[in-house]
Amino acid sequence: MSFSRRHLLGLEALEAEEIEEILKTAVPCKEIAQREVKKLPTLRGWTVVTLFYEPSTRTRNSFELAAKWLGADTVNVAVANSSVQKGENFTDTAKTIEALGADFIILRHAVAGSPWLLAQTVNCRVINAGDGAHEHPTQALLDLFTLQERLGVIKGLKVVIVGDIMHSRVAKSNIYGLLKLGAGVTVTGPPSLIPPGIEALGVEVEYNLEKAIKNADVVNILRIQLERQHKGLFPSLREYARLYGLDREKLNKAPREVVIMHPGPANLGVEITEEVACDPRAVITTQVTNGVAVRMALLYLMSGGGKSGELLS
Ligand code: CP
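Residues numbered from 1 in each chain as written. Predicted model: local features only at pLDDT ≥ 70, side-chain atom pairs only at ≥ 80, totals over all residues. Heavy atoms only, no water.

1. Points about the environment of Leu-51
Keep this limit in mind: Helical segments are the DSSP runs of H or I of at least four residues, strand segments are the runs of E of at least two, and each set is numbered from the N terminus. The cut-offs for exposure are 20% and 50% of the maximum accessible area for each residue type, with area from a 1.4 Å probe on protein chains only; residues under the lower value are buried, those over the upper are exposed, and the others partly exposed.
Residue placement: Leu-51 occurs in strand 1 (residues 47-52). Overall, Leu-51 belongs to the buried group, its relative accessible area being 0%. The spacing of Leu-51 and Asn-76 is 25 residues in sequence and 6.4 Å in space, taken between C-alpha atoms.

Below is the structure:
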């Protein structure tokens, strides 16, 4: 087993072999997730806590399902109803959750670096479920898994990431993961939403969407992060949609077999039209489904293979 980390804080620090091990392990996990009876005893006796300081539908619920299907006990800390509202600070909340018996804490937080602080504070395993504009490693892992499943190989793919690169943790984790596995990455979007010097990461920058997608194998559309933006980074949502929203007309400039991705939740009619989101080349629903398998793989590997070490039983 080449992936034996105690914490997953981001993809930047991972080796390509570690990412490949997670993707490989997600294959039998997907088979389990498609069974009529999904529950395994692999993580029986383990407790997985989701601690989300920001809203989530996909990530929180897929971690919960992944843990449950592997036989773990799960607890969701609803921050809005927790002692955080009485002034309890982040590290006290973390230590309290650990004292309750958590083996894993899955953290989403608006502040970049929070998972790192959590990993310094508690002895249990920590997984970053999105920290500010920093990283969202499990989203990138499920995106990579979806591409590998759909196209067979990631090495050599031409992937275009569209939109709010500046505020996107999904973009950063995807860039790290795709480059490590040998794909080429181009970012496109309004100049005000592309971080200056991003080429240093190894990506290309093309401000014109239609030029950027002309030879793309994959177009990954990002959500406009209205909650993380300061005002004035583009004139209006209508203007954004006109220049960078993926609609039928712009999509016709891409190769016919292009794969369309979106991490969700989508602002339909802004960064992507409903028609394009429902196009047979869009894998948005498959990304969600694969999120459970990838998170099962991660929990399994980070637990050291559970008590039995057997995944398929
Ligand atoms: N893609 C993603 O992180 O979605 P949620 O915010 O619903 O978890």
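2. Overview of the sheet that holds strand 5 (residues 158-162)
Strands pair in a sheet through their backbones, by hydrogen bonds, and they do so in one of two ways: parallel or antiparallel. The cut-off we apply is this: Each pair of strands is called paired provided DSSP finds at least two bridges between the two strands. Residue contacts are counted whenever heavy atoms from the two residues lie within 4.5 Å of one another. Each axis is a line fitted through C-alpha atoms, and for a helix only the stretch in contact is used; angles between axes span 0 to 180 degrees, taken between their N-to-C directions.
Taken together, the five strands give an open sheet; going across it, the order is 7-6-5-8-9, and neighbouring strands pair in parallel fashion. Two strands lie at the open edges of the sheet, namely strand 7 (204-205) and strand 9 (259-261), each paired on one side alone. Across three bridges, the pairing between strand 8 (residues 218-221) and strand 9 is parallel. Bridged to Val-219 within strand 9 is Ile-260. Those strands touched by helix 5 (residues 137-151) are strand 8 and strand 9, and its axis lies near 160° from that of strand 9.

3. Focus on the side chain of Glu-135
Here is the rule we go by: Charged-residue counts in this description rest on Lys and Arg as positive and Asp and Glu as negative, His and the chain ends being excluded. One side-chain nitrogen of Lys or Arg within 4 Å of one carboxyl oxygen of Asp or Glu is enough to make a salt bridge.
Topologically, Glu-135 is positioned in the loop between strand 4 (125-131) and helix 5. Summary of buried charges: Glu-135 has no salt-bridge partner, and the nearest side chain of opposite charge, Lys-180, is 8.0 Å away.

4. Focus on helix 6 (residues 169-180)
Condition: For a helix, the expected span equals 1.5 Å multiplied by the number of residues minus one. We call two N or O atoms a polar contact when they sit within 3.5 Å, provided that within protein one can donate a hydrogen and the other can accept it, with sequence-adjacent residues counted only if both atoms are side-chain atoms.
In a regular helix each residue adds 1.5 Å, so twelve residues correspond to 16 Å; helix 6 covers 17 Å between its end C-alpha atoms and thus fits that length. For helix 6, the full list of buried residues reads Arg-169, Val-170, Ala-171, Lys-172, Ser-173, Asn-174, Ile-175, Tyr-176, Gly-177 and Leu-178. Between the side-chain oxygen at the start of helix 6 and the backbone nitrogen of Val-170 there is a gap of 3.3 Å, and the oxygen is on Ser-168.

5. Concerning the nonpolar core
Selection rule: What we call a nonpolar core is a set of buried Ala, Val, Leu, Ile, Met, Phe, Trp, Tyr and Cys residues that are connected through their side-chain atoms within 4.5 Å. As annotated, the domain borders come from an automatic or database domain assignment.
Among the nonpolar cores identified, the biggest contains 65 residues, and Leu-8, Ile-106, Ile-127, Ile-161, Val-187, Met-296 and Leu-299 are the most heavily contacted of them. The greatest single-element share of this core, amounting to ten residues, is contributed by helix 11 (residues 284-302). Residues lining this core come from more than one domain, with at least three contributed by each of domain 1 (16-136 + 288-312) and domain 2 (137-286). Beyond its immediate sequence surroundings of up to four residues, Ile-106 is in contact with Val-48, Val-49, Thr-50, Leu-51, Phe-52, Phe-63, Ile-127, Ala-129 and Leu-299.

6. Some details on empty space enclosed by the protein
Using the following cut-off: With a 1 Å grid spanning the protein atoms alone, the term cavity applies to any set of points in which a 1.4 Å probe fits but cannot get out, the term pocket to an open set with protein on both sides within 12 Å along at least five of seven lines, and the term lining residue to any residue with an atom within 4 Å of a point. Grid points are joined across faces, edges and corners, and a volume is the space filled by probe spheres set on the points. In this count, Pro and Cys sit with the nonpolar residues alongside Ala, Val, Leu, Ile, Met, Phe, Trp and Tyr, while Asp, Glu, Lys and Arg are called charged and the others, Gly among them, polar.
Per the stated rule, a full pass over the model turns up one cavity of 30 Å³ or more. Taken as a whole, the largest cavity encloses approximately 60 Å³ of empty space. Surrounding the largest cavity, Arg-58, Ser-62, Gln-139, Leu-142, His-262, Pro-263, Ile-284, Gln-287, Val-288, Gly-291 and Arg-295 form its lining. Counting only elements with at least two residues in the lining of the largest cavity, the list comes to helix 2 (58-69), helix 5 and helix 11. Ranked by residue count, the leading element in the lining of the largest cavity is helix 11, at five residues. For the lining of the largest cavity, a count of residues per class yields four nonpolar, five polar and two charged. Counting contributing residues per domain, the lining of the largest cavity is built from domain 1 (16-136 + 288-312) and domain 2 (137-286), each supplying no fewer than three.

7. A closer look at the domain arrangement of the chain
On domain assignment, one finds that the chain holds domain 1 (16-136 + 288-312) and domain 2 (137-286). For domain 1 versus domain 2, the distance between C-alpha centres works out to 26 Å. Across the pair Glu-149 and Lys-30 runs a salt bridge, and its minimum N-O distance is 2.9 Å. Across the domain 1-domain 2 interface, the total number found is 19 residue pairs in polar contact (both at pLDDT 80 or more). Sort the elements by how many residues they give to the side of domain 1 that touches domain 2 and helix 1 (residues 16-33) lands first, with eight residues. For the side of domain 1 that touches domain 2, a count of residues per class yields twelve nonpolar, ten polar and eight charged.

8. Some details on the sheet that holds strand 3 (residues 104-109)
Strands sit in the order 2-1-3-4 across an open sheet of four strands; the sheet is parallel. Because the sheet does not close on itself, it has two edges, and the strands there are strand 2 (73-78) and strand 4. If you compare each strand with its neighbour and ignore which way they point, the axes differ by 15° on average. Bridge count between strand 3 and strand 4: five bridges; the pairing is parallel. Bridge pairing in strand 4 links Ile-106 to Ile-127.

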